[in-house]
Amino acid sequence: MEGFFNFKKIDNFRVLFYPCKYTVHISVEVTISLKKEVKLLEYKTDFLVIGSGIAGLSFAIKAARTGNVAIITKRMARESATYYAQGGIASVLAPEDSFESHIDDTLNAGAGLCNKKIVKKVVRSGPAMIHELIELGVQFSSNLEGHTEELNLGREGGHSERRIVHAKDITGRAVEQGLLDAIDKHPNITVYEDFIAVDLFAHSKFVGPTSIENEEVWGAYALDKTDTVHTFLSHITVLATGGAGKVYIYTSNPDIATGDGIAMAYRAGAEIANMEFMQFHPTCLYHPEAKNFLITEALRGEGALLKLKDSTEFMRAHHKKAELAPRDIVARAIDFELKKSGDECVYLDISHRDAGFIKDRFPNIYNRCLDYGVDITKEPIPVVPAAHYICGGIKTDECGRSSIKRLYAIGEAASTGLHGANRLASNSLLEALVMADSAAESAAKELKTGSSKLPVIPIWETRGAVTSDEAVVISQNWDEVRRFMWNYVGIVRSNKRLERARRRITLLESEINEYYWDFKITSDLLELRNIATVAKLIITCAETRHESRGLHYNIDYPGRSEEFLHDTVIKPT
Ligand code: FAD
Ligand code: SIN
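Here the residue numbering is sequential within each chain, running from 1 through the sequence in written order. Here the convention is simple: chains get letters from A, ligands get numbers from 1, in the order in which they are written. Residues qualify for local features only when their pLDDT is at least 70, as the model is predicted, and side-chain atom pairs are given and counted only at 80 or more; totals for whole chains, interfaces and linings, by contrast, use all residues. Hydrogens and water molecules were not included; the side-chain quantities draw on all heavy atoms of the structure.

Draft legend 1. Layout of a positive patch on the surface. Surface patches are defined over residues having more than 30% relative accessible area and no salt bridge, joining like charges when they lie within 9 Å and nonpolar side chains (Val, Leu, Ile, Met, Phe, Trp, Tyr) when within 5 Å. Using a 1.4 Å probe, the Shrake-Rupley method yields the accessible areas, and only the shown protein chains count as cover for residues. The term salt bridge refers to a pairing of a side-chain nitrogen on Lys or Arg with a carboxyl oxygen on Asp or Glu at a separation within 4 Å. Only four residue types enter the tally: Lys and Arg on the positive side, Asp and Glu on the negative side, with His and both chain ends excluded. Note on charges: their place is set at NZ of Lys, CZ of Arg, CG of Asp or CD of Glu. Together, Lys-496, Arg-500, Arg-503 and Arg-504 line one region of the surface with positive charge. Numbering of helices and strands starts at the N terminus; helices are DSSP runs of H or I of at least 4 residues and strands are runs of E of at least 2. Positionally, Arg-500 belongs in helix α15 (residues 495-518).

Draft legend 2. Seen up close, the environment of Ser-428. The topology assignment puts Ser-428 in helix α13 (residues 427-449). A 1.4 Å probe rolled over the protein chains alone gives each residue an accessible area, and that area as a share of the maximum for its type sets the label: buried under 20%, exposed over 50%, partly exposed in between. Residue Ser-428 is classed as buried on the basis of its relative accessible area of 15%. Separated by 16 residues in the primary sequence, Ser-428 and Glu-412 place their C-alpha atoms 7.1 Å from one another. If we ignore the near neighbours within four places in the chain, the residues touching Ser-428 are Tyr-389, His-419 and Arg-423. Contact criterion: two residues are considered in contact whenever any of their non-hydrogen atoms come within 4.5 Å of each other.

Draft legend 3. Representation of the side chain of Lys-74 in the model. Locating Lys-74 in the fold gives a position in the loop between β2 (69-73) and α4 (81-84). In terms of polar contacts, Lys-74 uses its side chain to reach the backbone carbonyl oxygen of Ile-256, at 3.0 Å. When residues no more than four places from it in sequence are discounted, the contact partners of Lys-74 are Asp-194, Phe-195, Ile-196, Ile-256, Thr-258, Asp-260 and Glu-527. Distance and chemistry together define a polar contact, namely a pair of N or O atoms within 3.5 Å, with one atom able to donate a hydrogen and the other to accept it when in protein, and with adjacent residues in sequence counting only for side-chain atoms on both sides.

Draft legend 4. Structural view of the packing of helix α14 (residues 472-488) against helix α16 (residues 523-544). One can describe the packing of α14 onto α16 by two numbers: an axis separation of 10 Å at closest approach and a directional angle of 25°. On the basis of their axis angle, the class for α14 and α16 is roughly parallel. The way α14 lies across α16 gives a crossing that is left-handed. Here Ile-474, Asn-477, Trp-478, Val-481, Arg-482, Phe-484 and Met-485 of α14 come into contact with α16, specifically with Asp-524, Leu-525, Glu-527, Leu-528, Ile-531, Ala-535, Ile-538 and Ile-539. As a working rule, the residues Ala, Val, Leu, Ile, Met, Phe, Trp, Tyr, Cys and Pro are called nonpolar, Asp, Glu, Lys and Arg charged, and the rest polar, with Gly in that last group. For the contact of α14 with α16, a count of residues per class yields eleven nonpolar, one polar and three charged. Simply put, an axis is a line fit to the C-alpha atoms, just over the touching stretch for a helix, and the angle between two N-to-C directions goes from 0 to 180 degrees. By definition in this entry, angles of less than 35 degrees are roughly parallel, angles greater than 145 are roughly antiparallel, angles of 65 to 115 are roughly perpendicular, and the rest are oblique. In this scheme the handedness of a crossing depends on how the near helix is turned from the far one: anticlockwise by less than a right angle means left-handed, clockwise means right-handed.

Draft legend 5. Quick peek at the site of ligand 1. Surrounding ligand 1, one finds 38 residues, the nearest of these being Thr-82, Gly-88, Asp-260, Glu-412 and Ser-428. Thr-82 places a polar side-chain atom, nitrogen or oxygen, 2.5 Å from an oxygen atom of ligand 1. In the environment of ligand 1, an oxygen atom lies 3.4 Å from a nitrogen or oxygen atom belonging to the backbone of Ala-240. For ligand 1, the protein covers 98% of the area, taking 1000 Å² as the surface of the free molecule. Going through the elements one at a time, α3 (54-63), β2, α4, β7 (196-208), β14 (381-390) and α13 are the ones with two or more residues in the shell around ligand 1. In terms of residue class, the shell around ligand 1 is built from 15 nonpolar, 18 polar and five charged. Throughout, the term near means that a residue has one or more heavy atoms lying within 4 Å of the molecule or strand in question.

Draft legend 6. A look at the pattern of salt bridges. If you walk through the whole model with that rule in mind, you get 34 salt bridges. Note that Arg-162 is salt-bridged to Glu-302, the shortest N-O span being 3.2 Å. With Arg-162 in the loop between β4 (153-154) and β5 (164-165) and Glu-302 in the loop between α9 (298-301) and β12 (305-307), this pair connects stretches of sequence that are 140 residues apart. With a relative accessible area of 10%, Glu-302 lands in the buried category. A salt bridge links Lys-291 to Asp-255; the nearest nitrogen and oxygen atoms lie 2.9 Å apart. You can see Lys-291 sitting in the loop between β11 (278-285) and α9 and its partner Asp-255 sitting in the loop between β9 (229-239) and α8 (260-268), a full 36 residues away along the chain. Exposure remark for Asp-255: the relative accessible area of 31% places this residue in the partly exposed category. Residues joined in a network through salt bridges with shared partners are Lys-74, Arg-75, Asp-260 and Glu-527.

Draft legend 7. The sheet that holds strand β13 (residues 346-349), seen in detail. With antiparallel pairing, the four strands of this open sheet are ordered in space as β11-β14-β13-β12. On the outer flanks of this sheet lie β11 and β12, each paired with one strand and no other. The sheet shows a mean angle of 45° between the axes of neighbouring strands, direction not considered. By the convention used here, strands pair only if DSSP detects at least 2 bridges between them. Alignment of β11 against β14, held across six bridges, turns out to be antiparallel. For Phe-280, the partnering residue across the bridge sits in β14 and is Ala-387.

Draft legend 8. Main features of the packing of aromatic side chains. We call Phe, Tyr and Trp rings a pair once their centres come within 6.5 Å, taking the six-membered ring for Trp, and we label the pair stacked below 30 degrees between planes, edge-to-face above 60, and tilted otherwise. Going through the model one piece at a time under the given rule, you end up with twelve aromatic pairs. A ring pair is formed by Tyr-83 and Tyr-84, whose centres lie 5.2 Å apart and whose planes are at 85°; its orientation type is edge-to-face. When the ring of Tyr-192 is compared with that of Phe-195, the centres are 5.5 Å apart and the planes differ by 65°; the resulting orientation is edge-to-face. Judged by its relative accessible area of 18%, Tyr-192 falls in the buried class. Judged by its relative accessible area of 11%, Phe-195 falls in the buried class. Aromatic ring contacts, followed pair by pair, group Tyr-43, Tyr-192, Phe-195 and Phe-232 into a single cluster. In this arrangement the basic side chain of Arg-529 is found over the ring face of Tyr-516, its NZ or CZ atom lying 3.9 Å from the centre. Placement of a positive charge over a ring is assigned whenever Lys NZ or Arg CZ falls within 6 Å of the ring centre and within 35 degrees of the normal to the ring plane.

Draft legend 9. The arrangement of the site of ligand 2 in detail. Near ligand 2 the following residues occur: Gln-86, Gly-87, His-281, Leu-294, Thr-296, Glu-297, Arg-327, His-388, Arg-423, Ala-425 and Ser-426. At 2.7 Å from an oxygen atom of ligand 2 is found a side-chain nitrogen or oxygen belonging to Arg-423. Compared with its free state, where it exposes 260 Å², ligand 2 has 92% of that area covered by protein. When the residues that make up the shell around ligand 2 are grouped by side-chain class, the tally is two nonpolar, six polar and three charged.

Draft legend 10. Main features of the layout of surface pockets. Cavity means a closed set of points on a 1 Å grid over the protein atoms alone, one where a 1.4 Å probe fits but cannot get out, pocket means an open set with protein on both sides within 12 Å along at least 5 of 7 lines, and lining means a residue has an atom within 4 Å of a point. Grid points are joined across faces, edges and corners, and a volume is the space filled by probe spheres set on the points. In this model, the second largest pocket occupies a volume close to 730 Å³. Forming the boundary of the second largest pocket are 35 residues, of which Ile-249, Tyr-250, Val-384, Pro-385 and Trp-486 lie nearest the centre. Of all the secondary structure elements, the ones that give two or more residues to the lining of the second largest pocket are β11, α10 (327-341), β14 and α14. Looking at the lining of the second largest pocket, the element that brings in the most residues is α14, giving four residues. Across the lining of the second largest pocket, the residue classes break down as 17 nonpolar, seven polar and eleven charged.

Draft legend 11. Summary view of the side chain of Thr-171. Counting through the fold element by element, Thr-171 comes out in helix α7 (residues 171-184). If near-sequence neighbours (up to four positions away) are discounted, Thr-171 is found in contact with Ala-85, Gln-86, Gly-87, Gly-88, Ile-89, Phe-140, Val-165 and His-166.

Now the structure itself:
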């Protein structure tokens, strides 16, 4: 049996396996009667892109050559991790550099788990992607003012050469604005701000008496600011929802990073991979009023030194590359020193460099730190590690296709195999550009050859849910998940800590699901449900990997094991 199921049957399945408030059915009678009651807004489009960071916007610009694109984004369009990116985009542009060297550096950081085919593809496509951005009008820093062909290349940890294309220390802002300007003028692209995707619309079929398998995705539901749920029906759906740093209490990520796309894809039945590899950035500003301000690795690339409170340098004792060791090593070294000393932070010192150089190269960091009373030209910056980048995500092939038909995932939400067990600095923006390009090409072909008929739209139902008068449940659970994830599933893990985290997430997940069913949805509730799902996925992957590799470090299995030289792939059963 195939197609949209009758109301009752699917209702049972959904309650049993994927609690959510809609029914994937269409019975004409029910539809008509419900349509009278429910304010239903329906959109039809060729491509639905969820997310307006570098991945979603790049995809949209290219896909718009072959069809209409709707972009939904849960805050203002520019609000994304992309906007806050500092260091830059890694790409082989210097005459003394080579693709082989960038490939080797990526593989070394990835600790044996990178997909070499993807690494080669992404690295080799880098220069073309940078030139496309320049043609769009993005202004990168150059050695000679006005000479875009002679780019100034920065250095970051794990890279053997200077290859980081940047716009001083506000690279993300420059790229995001360039892409948004291009979108603004485009007749085939419509952006819907303040629309949060709730769940994907998955077309299912029975594969046995007690299980269903989702075959295709045809769009998504989205909640707007007036609490109306809209239906976006599309031939191709692209998850470009970014990362999940907000699963941890200390993070460099903006508030949007709640892993929504990963959680939605998981609920729809897509394969998810390598969630144990959460990258912790070594240096976020430590200040009571600074929520999540990153101090770019490029500072260490320009000679900044890590020091303890008494000015002792410590990185050389941890790795021969000292401050320029790969990020996982630097973050663990800081964690080790903090646990040993009991101090609250370490210090990053660039004050030995010329003040003029510092202000010109890092204007954003200089000014922000000054706002917090730290003059980085004269004194060291207090820093701590924080959750920064999820290397795992929705498993895709080399064109960004997920394991479900018509569903693509690109950018940080995806797991392409580029990063393996640890991402090399500044490879994320690069990956997003390259994969958006391939996904747009593949999706355009799919649009041409696939069925031209969109299915009938399922109805969003609230089924007696009422407005909550206990919002405290959301804030309580929000804090709890993020705190135990930091303490038990953070930089250093153990079997006991993972067990504790497992017990807590099981309890919290059932409490959150109960709440989800009883009360009307809000964006806070949706994000809470998603961080809980992502936390569970991280714990599950971490529990399965009985070794330490890259970003996953478990004191009960301190070494690498050949047995685990593979991705961790999970799929709902
Ligand atoms: P994002 O840019 O995060 O965009 C995600 C979009 O999805 C947002 O628009 C968001 O609102 C939207 N969204 C999410 N959920 C929903 C939903 N349910 N419904 C609707 N919309 C939704 N990488 C580098 O390579 N170089 C760097 O220098 C660098 N610096 C960084 C500095 C900081 C402070 C941070 C946080 C990250 C940095 N990174 C860097 C990582 C890099 O910025 C991100 O991995 C990358 O920008 C992700 O791009 P994206 O398009 O996948 O997601
Ligand atoms: C940074 O600027 O340190 C962040 C770079 C990255 O995350 O790749």
